[in-house]
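Breakdown of the fold
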Amino acid sequence: MSKGKYANIIIDISHENVDRPYTYRIPDELRDSIDLGTSVTVPFGMGNTIRKGFVVGFSDYSELSEDKLKFIDSVPEKNISLTDSRIELAAWIKRNYGGTFSAALKTVLPVKQKIKAVVPKIIVRQVETSEVEKLIELCPARSSARLRLLNALLYEAIIPKRLANDKLHISDATIVKLNEEGVVDIQDMPKNSGMGQTVSCNSLNLSESQKNIVNSVTADYDNGIYNTYLIYGITGSGKTEVYINIINNMLERGKQAIVLIPEIALTYQTLMRFYNRFGERVMVMNSTLSQGEKYECYKKALNGEADIVIGPRSALFVPFKNLGAIIIDEEHEGTYKSETAPKYHARETAVEIARMNKAVVVLGSATPSIDAYYKAQTGEYKLFELNERLTGNQLPKVEIVDLRNELRRGNRSIISERLGALLEDRLSKGQQSMLFINRRGISGFISCRACGFVVKCPHCDVSLSLHKNGKLMCHYCGYETENIKTCPECGSKYISGFKAGTEQVEDMVNKMFPTARTLRMDADTTKEKDSYEKIISRFLDKEADILIGTQMIVKGHDFKNVTLVGVLAADMSLFEADFKAPERTFQLLTQAAGRAGRGDVAGNVVIQTYQPEHYAITYASKHDYNGFYDEESGYRDLMDYPPAGHMLNVMVSGKKEEEVNLLATQMCTAIRKYFKSLVIGPAPAALSRINDIYRFVFYIKDKNYNELVDIKDYLEDSLTKIKKRTCTVSFDFDPQNMQ
Ligand code: ADP
Ligand code: ZN
Ligand code: ZN
């Protein structure tokens, strides 16, 4: 774009009322340093407060006469500017997910300021491994951090210090001590670190099916075909090895790669596999990095000094110049959807980034999201399967325990006889067990403990939630009905809300097995920094017999000594008031089952439930993804839920309940008048009040995503016309969670 007379600038304030480009004059002395995307400061508003902003365009004309226009104030040297393609990407995000342009610009710019870059350090072993073995023998058992580092040094001559800190949970003091003893040296990561050259895993012979994937993707790429691929393969089937080989081919072609892995699955072992293969060409970008470390990554990517970035969702925006591939592992994970505006989905955004950069996208999962598998069925994505476990471990034996029978037998505890007996057995054998409570946030549904009946909305087929006013309510459509005292199916009195927390379970386990050592992992026990890693390593070090926890315990980690996994009440995630509840339950149960028997001993899995015949539970127990997919996608088709159709969730919030309700209602009325899409609601949100802010939601359903985008644009546009607005409105396309 040629530079026009005036610059159009988006002000760095995330409010809809100022979310449009403002026109400024360009002072002569700044003309050379101002380009599309330049970060500038400008006087803004009545008081001419100096604000930051980004140049998003130029023009020769202005609605205001020139003497009324203000001048750009400065181009701060410290600020990072955007490139054209980033502005284009931000515009795409804003259009497809809503939110302000300014918020979208910030999303695509993961690092804001040029600050002193912090060069990563590496720990370099200085002695022979035989020497390390001796030190391990001499090391007192209570120095567990020192032991962990020494054990890691047996396998690796060089370990990035960040990984030792973050993933092995080893403090600087421990590292410095070993340095003083001459066992390790601490160095800046050099250009040629020596990592990634000598390691045996370089030369794995790919299986035929692995080769087929790597070769097809590479051949497509070489032929100028930039597809999205989905690899459906159980854990241990060799997906990561496939990613590594695709990346290798990209590097050989002078291209770069972005690898997304959910933060919780970014384990030391996985990261070391990448370092061992690609050395210092790898950058890891996670939430614990300092601004200086992040800036170092950003700079290296821009300058072409690194070729691979591994990280969670936001690593997607690392600005490589020659991007060849974006890999998304555990593609089904909910964390790939941003929960703050703009609520973008990393998978769809990756596909767009790949389109803009002529790159390929490779998705992988053991339990593909219904969304992705659907696209693989319709041909939008290309599907590959990996069917064998290369590690040779057997899939565990999964049993379903019908909790209704327990009640009949007079056992009212949350641990069935069968699970109790297996726990006892494992304790006597010195093997470890995990008890999993698949509960997320609030689950206010009502169910019968005698027959399993669950109260559902007659219109939306999602569970009704018990509201504070004592009524049962649907958070999709607002349908309301009186709470019930006896089960309409069987007449039992045991019908109530479903509540059991990790703490109660731990108490109960301690009572049943007084000598068992337990560890608990949930939102409470993982509040502090590093506490998550600490609990994991304590369990790995066999400091406990039973680990009790929420879904945090079933993701990512390999516990070799665990031979029993108990799912206490599969119903808890099954009947969340959300159409995605069965999908999430299937994924969670499959993941939980995958935790049993990772070592040499085959494992047992016990799934306790009041609904033993529910398809999400039976298919998970048979390890049958395809069966589950067929049934679930049929249901989505029937109900027009995504991926068969699309949904837009609009949340209106504010301090005055009547105003919030009124605005939500007016919006619904207007949409019903001007658009053909189906509007459901408004209804109070599942969390209808937080910190005295009232929240109402409504849903819009349409087969066509772009219709929903048009409705969002219409609502945003009409909002800017309300002068003194006291309510906030936010948009969530194809929501991951019920609001
Ligand atoms: P996934 O990512 O699907 O869980 P991985 O790529 O981690 O699977 O592979 C599981 C295990 O099998 C790893 O220990 C890996 O080193 C090993 N592995 C992968 N591919 C091969 C292969 N072609 N030959 C031998 N071992 C392999
Ligand atoms: Zn009943
Ligand atoms: Zn409803």
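This one's a predicted model, so the numbers in the text were calculated from it and none came from an experiment. (Residues numbered from 1 in each chain as written. Chains lettered and ligands numbered in written order. Predicted model: local features only at pLDDT ≥ 70, side-chain atom pairs only at ≥ 80, totals over all residues. Heavy atoms only, no water.)

1. Description of the packing of helix H4 (residues 144-155) against helix H6 (residues 172-180)
The packing of two helices is summarised by the inter-axis angle and the distance between the axes. Definition in use: Axes here mean lines fitted to C-alpha atoms, for a helix over just the part in contact, with angles spanning 0 to 180 degrees between N-to-C directions. Only runs of H or I of at least four residues qualify as helices and only runs of E of at least two qualify as strands under DSSP, and these elements are numbered from the N terminus. Should an angle lie under 35 degrees it is considered roughly parallel, over 145 roughly antiparallel, and from 65 to 115 roughly perpendicular; all remaining angles are considered oblique. Left-handed is the label given to a crossing in which the near helix is rotated counterclockwise from the far helix by less than a right angle, and right-handed is the label when the rotation is clockwise. By definition in these notes, contact holds between two residues if any of their heavy atoms fall within 4.5 Å. The classification used treats Ala, Val, Leu, Ile, Met, Phe, Trp, Tyr, Cys and Pro as nonpolar, Asp, Glu, Lys and Arg as charged, and all other residues, Gly among them, as polar.
Following both chains from N to C, one finds H4 and H6 inclined at 60°, their axes separated by 10 Å at the closest point. Considering the angle they form, H4 stands oblique to H6. In this structure, the crossing between H4 and H6 has a hand that is right-handed. Only Thr174, Ile175, Lys177 and Leu178 of H6 make contact with H4, whose side of the interface consists of Ala145, Arg146, Leu149 and Leu150. For the contact of H4 with H6, a count of residues per class yields 5 nonpolar, 1 polar and 2 charged.

2. Topic: empty space enclosed by the protein
Counted only if it meets this: Cavities and pockets are defined on a 1 Å grid built over the protein atoms alone: a cavity is a set of grid points where a 1.4 Å probe fits but cannot escape, while a pocket is an open set with protein on both sides within 12 Å along at least five of seven lines, and lining residues are those with an atom within 4 Å of any such point. Grid points are joined across faces, edges and corners, and a volume is the space filled by probe spheres set on the points.
On inspection of all chains with the given rule, the structure shows 4 cavities of 30 Å³ or more. In this structure, the largest cavity occupies an estimated 240 Å³ of space. Lining the largest cavity are 20 residues, and of these Pro120, Arg162, Tyr275, Val284 and Leu289 sit closest to its centre. Of all the secondary structure elements, the ones that give two or more residues to the lining of the largest cavity are helix H5 (161-166), helix H9 (268-278), strand E10 (282-284) and helix H10 (291-303). Take the lining of the largest cavity: its biggest share by element is 4 residues, from H10. Considering only residue class, the lining of the largest cavity consists of 12 nonpolar, 1 polar and 7 charged. Each pocket or cavity is described by its volume, and for the second largest cavity that value is around 50 Å³.

3. Description of unusual backbone geometry
For clarity, the threshold we go by: Burial classes: relative accessible area under 20% of the type maximum marks a residue as buried, over 50% as exposed, and values in between as partly exposed (1.4 Å probe, protein chains only).
Following Ala341, the chain continues into Pro342 via a peptide bond in cis, with omega recorded as -5°. With respect to the secondary-structure elements, Pro342 resides in the loop between strand E12 (323-329) and helix H11 (346-357). Non-glycine residue Lys358 carries a positive phi angle of around 55°. Look at His623: it is not a glycine, yet its phi comes out positive at around 55°. Mapped onto the elements of the fold, His623 is located in the loop between helix H19 (615-621) and helix H20 (625-639). The exposure class assigned to His623 is partly exposed, which follows from its relative accessible area of 32%.

4. Examining the coordination of the zinc ion (ligand 3)
This is how it is decided: Any N, O or S atom lying within 2.8 Å of the metal counts as a donor, and for Na, K and Ca the limit rises to 3.2 Å; water is left out, so some sites can look incomplete. Note on geometry labels: four donors, all angles 85 to 135 degrees, give tetrahedral; four donors become square planar and six octahedral when opposite donors are over 155 degrees apart and every other angle is between 65 and 115; remaining cases are irregular.
Looking at the metal site, the zinc ion (ligand 3) is ligated by Cys457 (SG), Cys460 (SG), Cys474 (SG) and Cys477 (SG), spaced 2.3 to 2.4 Å from it. Geometry at the zinc ion (ligand 3) is tetrahedral, judged from its 4 donor atoms and the angles of 108 to 113° they form at the metal. Binding-site remark: the zinc ion (ligand 3) is held by donors from one chain whose sequence spacing is C-x2-C-x13-C-x2-C. Of the two residues, Cys460 sits in the loop between strand E17 (446-448) and strand E18 (465-466) while Cys477 sits in the loop between strand E19 (471-473) and strand E20 (480-482), which places them 17 residues apart along the sequence.

5. Re the packing of aromatic side chains
Here the distance between the centres and the angle between the planes together describe a pair of aromatic rings. Just so we agree on the cut-off: Only Phe, Tyr and Trp rings take part, Trp by its six-membered ring, and two of them pair if their centres are within 6.5 Å. Stacked means planes under 30 degrees apart, edge-to-face means over 60, and tilted covers everything else. Only Lys NZ and Arg CZ are tested; either one counts as a charge over a ring when it is within 6 Å of the ring centre and within 35 degrees of the ring normal.
Scanning the model with the defined rule gives 22 aromatic pairs in all. Geometrically, the ring pair formed by Phe579 and Tyr641 is stacked, given 4.5 Å between the ring centres and 5° between the ring planes. With Phe579 in the loop between helix H17 (571-574) and helix H18 (581-594) and Tyr641 in the loop between H20 and strand E26 (646-654), this pair connects stretches of sequence that are 62 residues apart. The same class applies to Phe579 and to Tyr641, which are both buried. When the ring of Phe675 is compared with that of Tyr714, the centres are 5.5 Å apart and the planes differ by 65°; the resulting orientation is edge-to-face. Of this pair, Phe675 sits in the loop between helix H21 (657-674) and strand E27 (678-690) while Tyr714 sits in helix H22 (residues 705-720); the two residues are 39 residues apart in sequence, bridging distant segments of the chain. Overall, the relative accessible area of 18% leaves Phe675 in the buried class. Feature note: the residues Tyr232, Tyr373, Phe586, Tyr615, Tyr625, Phe628 and Tyr629 constitute an aromatic cluster, connected by ring pairs. Note that Arg20 overlies the ring of Tyr22, its terminal NZ or CZ placed 4.2 Å from the centroid. Over the ring of Tyr641 we find Lys701; its NZ or CZ atom is 4.2 Å from the centre of that ring.

6. Describing the coordination of the zinc ion (ligand 2)
Taken together, the protein donors to the zinc ion (ligand 2) comprise Cys448 (SG), Cys451 (SG), Cys487 (SG) and Cys490 (SG), at separations of 2.3 Å. As a motif over one chain, the donors of the zinc ion (ligand 2) read C-x2-C-x35-C-x2-C. When its relative accessible area of 0% is taken as the criterion, Cys448 is described as buried. Overall, the relative accessible area of 22% leaves Cys451 in the partly exposed class.

7. Quick look at H21
Quick reminder of the rule: The length a helix should cover is 1.5 Å for every residue beyond the first.
For H21, built from 18 residues, the straight-helix expectation of 26 Å at 1.5 Å per residue is met to within 8% by its first-to-last C-alpha distance of 26 Å. Close packing links the buried residues of H21 with E26, E27, strand E28 (693-702), H22 and strand E29 (727-733).

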